[in-house]
Amino acid sequence: MKRKIYIKQNKGDEQAAITEDDILVGYLFQKAGEINRGTVLMGYVKDYVPSLGAFFIDAGTHLPGFLPEKFVDGKPKTGSPLVLQVVKPPLGSKGMTLSSKITIAGDMCVISGDAKKCCVSFKIKDKVERQRLESI
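These numbers were taken from a predicted model, which means no experiment stands behind them.

Some points on the side chain of Thr-19
Assignment of secondary structure puts Thr-19 in strand E2 (residues 13-20). Those residues in contact with Thr-19, other than ones at most four positions away along the chain, are Lys-2, Arg-3, Lys-4, Tyr-6, Leu-24 and Val-25.

This is the structure in structure tokens:
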């Protein structure tokens with residue numbers, strides 16, 4: 001099987017197409033400046049508010065991101081860089097909700113930053129195939 005990924009960027013908009021044996025099997029599109037759930041980005045701790053139990057994060061957007069303590073490993077200091085994932089995109093005057101616990105889901109597996117292994121997707125119903133993928 002010959003698999004190819006085509007990526008196009010136009011005025012900040014991003015498009016990606018995935019083909020297998022020259023047949024389109026996947027297509028992704030994201031508008032410039034659009035932040036979706038699952039987006040992974042880099043941010044800096046701007047402030048900590050003890051009464052909220054949360055950090056405010058400068059991630060290069062017009063509104064600071066909101067990082068609750070339950071979504072962060074350890075206690076970062078002001079100005080320290082963090083790799084974060086969007087849990088909830090910005091809405092109106094509210095900034096995005098972030099997490100430092102990164103999870104990347106694919107068609108066959110889910111990779112979690114704090115896990116020791118890759119978990120096989122529940123979409124795969126065939127027991128033999130699940131065991132084969134778990135053994136990899």
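Having seen the structure, we can now continue with the description.
Describing the packing of aromatic side chains
According to the stated counting rule, one finds two aromatic pairs in the structure shown. With centroids separated by 4.7 Å and ring planes inclined at 45°, the aromatic side chains of Tyr-48 and Phe-55 adopt a geometry described as tilted. Of the residues examined, Tyr-48 reaches a relative accessible area of 22% and is grouped as partly exposed. What makes Phe-55 buried here is its relative accessible area of 1%. Ring plane angle 65° and centroid distance 5.8 Å describe the contact between Phe-56 and Phe-66, whose orientation is recorded as edge-to-face. Placement of Phe-56 in strand E5 (residues 54-58) and of Phe-66 in strand E6 (residues 65-68) is noted, with a sequence separation of ten residues between them. Residue placement shows Lys-75 over the ring face of Tyr-48; its charged tip is 4.2 Å from the ring centre.

Digging into the pairing of strand E10 (residues 109-112)
Bridge count between strand E9 (residues 103-105) and E10: three bridges; the pairing is antiparallel. Across the sheet, the residue bridging to Thr-103 is Ser-112, located in E10. The antiparallel hairpin formed by E9 and E10 contains three residues in its connecting segment.

Things to note about the pattern of salt bridges
This model, assessed by the stated rule, comprises two salt bridges. Arg-3 serves as the salt-bridge partner of Glu-20, at 2.4 Å between the closest nitrogen and oxygen. Of this pair, Glu-20 sits in strand E2 while Arg-3 is found in strand E1 (residues 3-10), placing the two residues 17 residues apart along the sequence. Among the residues examined, Arg-3 registers a relative accessible area of 57% and is labelled exposed. Arg-132 is the salt-bridge partner of Glu-129, the closest N and O atoms lying 2.9 Å from each other. With Glu-129 and Arg-132 both in helix H1 (residues 127-135) and three residues apart, the pair spans about one turn of that helix. Look at Arg-132 and you get partly exposed, because its relative accessible area is 42%.

A look at the sheet that holds E10
One open sheet holds the three strands; their spatial order is E9-E10-E11, and the pairing between them is antiparallel. Of all strands in the sheet, those bounded by a partner on one side alone are E9 and strand E11 (119-120).

Parameters and conventions
- Residues numbered from 1 in each chain as written.
- Predicted model: local features only at pLDDT ≥ 70, side-chain atom pairs only at ≥ 80, totals over all residues.
- Heavy atoms only, no water.
- Helix = DSSP H or I, 4+ residues; strand = E, 2+ residues; numbered from the N terminus.
- Contact = heavy atoms within 4.5 Å.
- Phe/Tyr/Trp six-rings, centres within 6.5 Å; stacked < 30°, edge-to-face > 60°.
- Buried < 20%, exposed > 50% of the residue type's maximum accessible area, 1.4 Å probe, protein only.
- Lys NZ or Arg CZ within 6 Å of the ring centre and 35° of its normal.
- Pairing = 2+ DSSP bridges.
- Salt bridge = Lys/Arg side-chain N within 4 Å of Asp/Glu carboxyl O.

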